[in-house]
Amino acid sequence: MPSSSLPPRGARRALIVGSGISGLAAALSLHRAGWQPLIIERAPGRRTNGYFVRFNGAGYTAAERLGILDSLPDRRDPEGRMFEVDSRGRLTPGLAFPEQVNGTPMRMLLRSDLERVLYEAVQDLVEIRYGTGPAAITQDRDHVTMTLTDGSVESADLLIGADGVHSTVRSLVFGPEDLYRKDFDHVVAACAMDEPLPGMREGDALVATAPGRSAWINSYRDHPPVAFLLYRTPWPAAEIRKQPASALRQAFADFGGDIVPAMLDAMDGSESVLFDQVSQIHLNRWSQGRVVLLGDSAWCMTLHSGQGSGMGIAGAELLARLLTEGGSLSAALGTWEQKLRPLVTRHQKEALRMRHFFMPANQLGYLARRGFIRATNTPVGSKLTKVLMSAHPRTLA
Ligand SMILES: Cc1cc2nc3c(=O)[nH]c(=O)nc-3n(C[C@H](O)[C@H](O)[C@H](O)COP(=O)(O)OP(=O)(O)OC[C@H]3O[C@@H](n4cnc5c(N)ncnc54)[C@H](O)[C@@H]3O)c2cc1C
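For every chain, the first residue of its written sequence is number 1, and the numbers climb from 1 along that sequence. Note on the predicted model: pLDDT of at least 70 is required for a residue's local features to be given, and 80 or more for side-chain atom pairs to be given and counted; whole-chain, interface and lining totals, by contrast, use all residues. Hydrogens and water molecules were not included; the side-chain quantities draw on all heavy atoms of the structure.

**Q** What should I look at first to understand the site of the ligand in this one?
**A** Residues in close proximity to the ligand total 30 residues, the closest being Ser 22, Glu 41, Arg 54, Thr 168 and Asp 296. In the environment of the ligand, an oxygen atom lies 2.7 Å from a nitrogen or oxygen atom belonging to the side chain of Ser 22. A 3.5 Å cut-off defines polar contacts: any pair of N or O atoms within that distance qualifies, except that in protein one atom must be a possible hydrogen donor and the other a possible acceptor, and neighbouring residues in sequence count only when both atoms are side-chain atoms. Here Ser 309 contributes a backbone N or O atom positioned 3.0 Å from an oxygen atom of the ligand. Here the ligand has 1,000 Å² of accessible area as a free molecule, and 91% of this is covered by the chains. Residues are labelled near a given molecule or strand when at least one of their non-hydrogen atoms is within 4 Å of it. Residue-level accessible areas treat just the shown protein chains as cover; the underlying method is Shrake-Rupley with a 1.4 Å probe.

**Q** Help me understand the environment of Ala 208 in this model?
**A** Considering the arrangement of structural elements, one finds Ala 208 in strand β15 (residues 205-210). A residue is classified by how much of its surface remains accessible, and Ala 208, at 1% relative accessible area, is buried. When checking whether two residues touch, look at their non-hydrogen atoms; a contact exists if any pair is within 4.5 Å. With sequence-adjacent residues up to four places away left out, Ala 208 is seen in contact with Val 85, Arg 213, Ser 214, Ala 215, Phe 255 and Val 260. Only DSSP runs of H or I reaching four residues or more are called helices, and only runs of E reaching two or more are called strands; each is numbered from the N terminus. For every residue, the accessible area (1.4 Å probe, protein chains only) is compared with the maximum for its type, and the residue is labelled buried under 20%, exposed over 50%, or partly exposed between those bounds.

**Q** Looking at this model, I keep getting lost on the pairing of strand β1 (residues 13-17). Mind explaining?
**A** On any regular strand, side chains alternate: one points to one face of the sheet, the next to the other face. Counting buried positions over the five residues of β1 gives four, a clear majority of the element. We treat two strands as partners when DSSP finds at least two bridges between them. One ladder, built from five bridges, connects β1 with strand β2 (residues 36-41); its direction is parallel. Bridging from a neighbouring strand, Ala 14 pairs with Pro 37 of β2. Pairing of β1 with strand β13 (residues 158-161), which is carried by four bridges, proceeds in the parallel orientation. Residue pairing for β13: Val 17 is matched across the bridge by Gly 161.

**Q** What exactly am I supposed to notice about the sheet that holds β2 here?
**A** Sheet strands pair by backbone hydrogen bonding; their relative direction is either parallel or antiparallel. Taking strand neighbours across the sheet as the criterion, the six strands line up as β9-β2-β1-β13-β20-β19 in an open arrangement whose pairing is mixed. The strands lining the two open edges of the sheet, one partner per strand, are β9 (127-130) and β19 (287-288). Where β19 and strand β20 (residues 291-293) come together, two bridges link them in antiparallel fashion. Within the sheet, the bridge partner assigned to Gln 288 lies in β20 and is Val 291.

**Q** Quick question: what am I supposed to make of the sheet that holds strand β11 (residues 144-148) here?
**A** Spatial ordering of the open sheet is given by β10-β11-β12, a layout of three strands whose pairing is antiparallel. Only two strands of the sheet have a single neighbouring strand rather than two, namely β10 (134-139) and β12 (153-156). Recorded for the sheet is a direction-independent mean angle of 20° between the axes of neighbouring strands. For every element, the axis is a line fit to its C-alpha atoms; helices are fit only across the contacting stretch, and the angle between N-to-C directions ranges from 0 to 180 degrees.

**Q** When you look at unusual backbone geometry in this model, what are you seeing that I'm missing?
**A** Glycine aside, residues mostly have negative phi angles, and peptide bonds mostly take the trans form. A positive phi angle is found at Thr 302, which is not glycine, with a value near 80°. By the secondary structure assignment, Thr 302 is in the loop between α8 (296-299) and α9 (308-323). Classification of Thr 302 by relative accessible area gives buried; the value is 8%.

**Q** Is there a simple way to explain the domain arrangement of the protein in this structure?
**A** Interfaces are often described in size by the accessible area the parts lose on coming together. Parsing the protein into structural domains produces domain 1 (3-74 + 111-181 + 282-358) and domain 2 (183-279 + 359-390). Just so you know, the domain bounds were taken from an automatic or database domain assignment. One C-alpha centre belongs to domain 1, the other to domain 2, and the line joining them spans 28 Å. Taken together, the contact pairs 19 residues of domain 1 with 26 residues of domain 2. Carbon and sulfur atoms make up 62% of the area that domain 1 and domain 2 hide from each other, which totals about 1,800 Å². Salt bridges are counted wherever a side-chain nitrogen of Lys or Arg sits within 4 Å of a carboxyl oxygen of Asp or Glu. Remark: the boundary between domain 1 and domain 2 carries one salt bridge. The term buried area refers to how much accessible surface (probe radius 1.4 Å) is lost by two components on association, counted for both of them together.

**Q** Sorry, what's going on with the pattern of salt bridges here?
**A** One side chain can pair with another of opposite charge once the charged atoms of both are near each other. Inspection of every chain in the model, using the stated rule, returns 23 salt bridges. Between Arg 129 and Glu 127 there is a salt bridge, and its shortest N-O distance comes to 3.3 Å. Arg 353 is the partner of Glu 350 in a salt bridge, and the nearest nitrogen-oxygen pair spans 3.9 Å. Taken together, the positions of Glu 350 and Arg 353, both in helix α10 (residues 329-358) and three residues apart, correspond to about one turn of that helix. Classification of Glu 350 as buried rests on a relative accessible area of 18%. Each of the salt bridges in this network shares a partner with another, and the network as a whole consists of Arg 170, Glu 177, Asp 178, Arg 181 and Asp 183.

**Q** Looking at this structure, how should I read the packing of helix α1 (residues 21-32) against helix α3 (residues 111-122)?
**A** For any two helices packed against each other, the geometry comes down to the angle between their axes and how far apart the axes lie. At a minimum axis distance of 9 Å, the contact between α1 and α3 shows a crossing angle of 25°. For the element pair α1 / α3, the angle class is roughly parallel. Every pair of crossing elements has a handedness; the one defined by α1 and α3 is left-handed. Of α3, the residues touching α1 (which contributes Ile 21, Leu 24, Ala 25, Ala 27 and Leu 28) are Arg 111, Leu 114, Glu 115, Leu 118, Tyr 119, Ala 121 and Val 122. By the definition adopted for this analysis, an angle is roughly parallel if under 35 degrees, roughly antiparallel if over 145, roughly perpendicular if from 65 to 115, and oblique otherwise. Note on convention: the crossing is left-handed when the near helix lies turned anticlockwise from the far helix by less than a right angle, right-handed when the turn is clockwise.

Right, dumping it as structure tokens:
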């Protein structure tokens, strides 16, 4: 860390567990607010992989406040086309991504774009210690102390658990994951492809659906396509213990045509496969004393909300703003939760509805989804969709 960027003497210290989008956003926001953050990351190095992210609403406004918005690319190709694909491989026009959602413009980017921009903003300001994580956490009136898995001990004024949906901080301080995790009957797999699929033009997006299955692939300017697949299973926890490639092949075995088989081949060869069950996290309180949870560890909303990254950044930026207002830590954490919770709850509820759009649960859902997409491709339907998508600004004051 260069000496010019050292925090002021006596700066309050924050331990941040996790260097995902929420952890990096917390480090940036707190450093700007005069704190001295230290990030602890379990992975041996930066996680530069990613899937596609729609970025709008509260996260967009927070990124603007943090001054990083201009560095975030918009990878949408204006010439790009969207297609629906049925299980026999036949293509029909799909639902175009709107320009404006939740009261702000929408950017299409990659998780790795957000990670990179946040990392570049903090790399000279904040120490990141890789390859370790929390083993024990204790706190008293004045400090929180974390013993790390490498045996070192760190104390601070505040500890932020930004360590994702399977958070260790949450388990250590709030209790076992089972108390807070609500599982959907969905499994998700995601990866970046090495090269475009045959017949796909740069900027094209395809969605292949069948009852209980969907496979999404988006291609971008200056980046190979990224894909994610969803399928329904009554036992998601057992399913994710399987080997991803064979589980996916079994789930999508009846998809014909070129597209889904080519996606499965590409996923076989890709190293960065995310394979997990889809779950939300619900806690009555996001803080206990000097420990606060942020992002997916606190409120995972699932990919169906399209707001996880954005709310991680929005939550971090708001927290730092409230911590500079001069009141006590507990008052700041209380106000933070009061302001943030209504929006998080709304996005979590929306995710429950949107899961039917991302993957039709059954034949009826499949037909309803197709009917809806056909309707949105009429002139009236497309206007109505735009109005509905841009209504209800969802940002934080
Ligand atoms: C397929 C897919 C599509 C998505 N699409 C969108 C979208 O369109 N829009 C959107 O806004 N969001 C989207 N999301 C959600 C979004 O990506 C997440 O909500 C967001 O990345 C969560 O960030 P996080 O930093 O809170 O957690 P994570 O990204 O999970 O980061 C947690 C970090 O903590 C580290 N860690 C974990 N345990 C420990 C430990 N014990 N010690 C130290 N470090 C630890 C991990 O290695 C990781 O670096 C999508 C998600 C998926 C899977």
